[in-house]
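Topology and contacts: notes
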Amino acid sequence: MGKEKDKSLYNEQSIQSLKPREFTRLKPGVYCGDTTYSTQLLVEILSNAIDEHRLGHGDIISIKINKDVVTVKDNGQGFLTNKFRDDGKTIFEAAFSVLNTSGKYDKDGVYKGSSLGAFGIGAKLTNYLSSYLIARTVNNGKFEKIIFKDGIFESREIGDDNSPSGTVVEWKPDKQFFTNPEVEIKKIKELLKTITCLCVGLNIVLDDNGEVTEYKSTRGLIDLADDFAKGKEVIDNRFIVNYKSDNVGIDLIMTYTSDYSLTLIPYVNTGLTKSGPHIAQIKTLFTREFNKFFREKKWLKEKDNNLTGDDIQEGMYVVFNITSDTVEYDAQVKSTVTKLDMTTFGSVISEQLAFWLNQNEKDIKTIVDKALTARKAREAARKAKEIARTSQEKKKKSVLKFNSKLADATSKNRLECEIAVVEGDSAGGNLKLMRNKVNQAILPIRGKMLNTRKAKVADIQKNAEIMTLIEALGLDYDPQTLKLVYDKKKLRYGKIIIMADGDIDGAH
């Protein structure tokens, strides 16, 4: 009988080199991010079609979802067909099978370095994590069709085709890589609505198992702002920026609503982001410029502190899309921007915002009033919180002191603890020596207790032993009537034992 292989042994066989397909299928979350649904596979193929539109090729994208099969069709320029590389693969095949293959790396290239699908990973990710993928492209009167199974190339067809150029991709997400292989349809619908507002002139048709929805915008970000602010906008004139120069640009809309929080929707190269320097800098810029204007108008006095970002941003709605060839991301899903040169954008926004502020003083007065009210509310909430915290701390301290007579139990499970209220220090001293410290507490009370049935509320409140007993038990009380408030979660003991002599003092 041979020796079994020791899996814990570290040797030359311990170090493995995986091919891109093998690694992606082993660790799908590295490139895909969240694998609860297969939504990201659709986003990757859709991004390529959007890049085609932004370059000026194609104005219609069709998406069809038939149970767990997804198809995306665009009328872009299509791929070069039947053009072989040195590795024996065609350009079209490599676009779906060779990691880091893209025509979007070069800033001087056809995509000008500002495309959403800039890593050369997306189409490969969709292919590697699908049980099958079929892609067909038409370009310059020729077509090429390729078929993959489990991310591995199987066959190719080529021939003549005089139909309009474009590419269609069909795939079936592999169930083994996703908790739910279907697409998050609500998320996709929201994305399509936003994308068409970012790309005016683009028409996207979604067929979700026979339910057809068409997405198109003629006014861009204005349509998004209208939908969000409908019925709750508090200013008349929005702040709007439309700037473009060479490979960079920014479209931005800012307005105010009656909401109590900031709504910021930050896109970069038509991709939604969650964090990064662009978000922080734009928020800082608004805070700085508003405070500067408020002081110029004497709405903030010299002795007043500047309004905080939270104060100024209460009710603010901002949506923007930055086009840039300097952007860097932390991962393939591109939700976190790690680097983005904001110099030009910051200057443009500051200049145009200063002009807008001066031209819309009536609206700005509404904004400063809202911000000042927000500050008052925050300060009041902070003070109330501090008072509550101080009150709780005092209460905890008083519970811990108990005139130094309480010998408390140590268990954190308070309902398992019991307290013995005993008459006199001498009896309490003996019980303290005999008790189980984990779950038994002893509280000595002097023999002659205050008769609470006859005493006034003010006298009861002054009585240290009565108040100590109330706090020790974990009871709250109404300071006006002194009626006790029972809350099981706050009780400090599950059982109360009264140990007293059988006389009038004990009865009290």
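Please read these numbers as outputs of a predicted model, since none were measured by experiment.

Here the focus is the overall build of the chain. Secondary structure assignment for the chain yields 15 helices and 20 strands. Within the chain, residue pairs in contact and separated by at least 24 positions form 64% of the contacts whose partners lie at least 6 positions apart.

Time to look at helix H3 (residues 39–54). The terminal C-alpha atoms of H3, which comprises 16 residues, lie 22 Å apart, in line with the 22 Å expected from a rise of 1.5 Å per residue. With 13 of its 16 residues buried, H3 lies for the most part within the structure. Backbone geometry just after H3 places Gly56 at a positive phi near 105°.

With that out of the way, let us pick up the sheet that holds strand S17 (residues 440–445). The sheet built from three strands is open, its strands ordered S17-S16-S20 with parallel pairing. Looking at the sheet topology across the chains shown, the edges are occupied by S17 and strand S20 (495–499). Each strand of the sheet is rotated relative to its neighbour by a mean of 20°, with strand direction disregarded. As judged from the six bridges shared by strand S16 (residues 418–423) and S17, these two strands associate in the parallel manner. The residue bridging Val421 from the neighbouring strand is Leu443, located in S17. Across the sheet, helix H14 (residues 464–473) touches S16, S17 and S20, and the angle it forms with S17 is around 170°.

Let us look at the nonpolar core. Ile61, Ile63, Phe96 and Trp171 are the most contacted members of the largest nonpolar core, which totals 49 residues. When residues no more than four places from it in sequence are discounted, the contact partners of Phe96 are Ile45, Ala123, Lys124, Asn127, Leu133, Ala135, Ile146, Phe148 and Val169. Listed in part, the 37 residues of the second largest apolar core include Ile235, Ile322, Tyr329 and Leu353.

What follows concerns the packing of aromatic side chains. Using the criterion set out here, one finds twelve aromatic pairs in the structure. Taken together, a centroid distance of 6.3 Å and an interplanar angle of 45° make the contact between Phe79 and Phe96 tilted. A residue pair is termed long-range when its members are at least 10 positions apart, and Phe79 in the loop between strand S2 (69–74) and helix H4 (91–97) and Phe96 in helix H4 qualify at 17 residues. Ring geometry for Phe92 and Phe96: centres 5.6 Å apart, planes at 85°, overall edge-to-face. Highlighted residues: Phe92 and Phe96, both in helix H4, separated by four residues, approximately one helical turn. On the accessibility criterion, Phe92 (0% relative accessible area) is buried. Overall, the relative accessible area of 3% leaves Phe96 in the buried class. Joined through ring pairs, the aromatic side chains of Phe239, Tyr256, Phe286, Phe290, Phe293, Phe294, Trp299 and Trp356 make up one cluster. Positioned above the aromatic ring of Tyr260 is the side chain of Lys370, whose terminal nitrogen or guanidinium carbon lies 5.6 Å from the ring centre.

Where helix H8 (residues 277–296) meets helix H10 (residues 343–359), the closest approach of the two axes is 10 Å, and the angle between their N-to-C directions is 35°. Crossing angle aside, the handedness with which H8 passes H10 is right-handed. Across from Ile282, Leu285, Phe286, Arg288, Glu289, Phe290 and Phe293 in H8, the residues of H10 making contact are Gly346, Ile349, Ser350, Leu353, Trp356, Leu357 and Asn358. Grouping the constituent residues of the contact of H8 with H10 by class yields nine nonpolar, three polar and two charged.

Reading guide: rules and limits
Residues numbered from 1 in each chain as written. Predicted model: local features only at pLDDT ≥ 70, side-chain atom pairs only at ≥ 80, totals over all residues. Heavy atoms only, no water. Helix = DSSP H or I, 4+ residues; strand = E, 2+ residues; numbered from the N terminus. Contact = heavy atoms within 4.5 Å. Expected span 1.5 Å × (residues − 1). Buried < 20%, exposed > 50% of the residue type's maximum accessible area, 1.4 Å probe, protein only. Pairing = 2+ DSSP bridges. Axes fitted to C-alpha atoms, helices over the stretch in contact; angles between N-to-C directions. Core = buried A, V, L, I, M, F, W, Y, C linked by side-chain atoms within 4.5 Å. Phe/Tyr/Trp six-rings, centres within 6.5 Å; stacked < 30°, edge-to-face > 60°. Lys NZ or Arg CZ within 6 Å of the ring centre and 35° of its normal. Left-handed = near helix turned anticlockwise from the far one by under 90°. Nonpolar A, V, L, I, M, F, W, Y, C, P; charged D, E, K, R; others polar.

Keep in mind that these numbers describe shape and distance, not what the molecule does.
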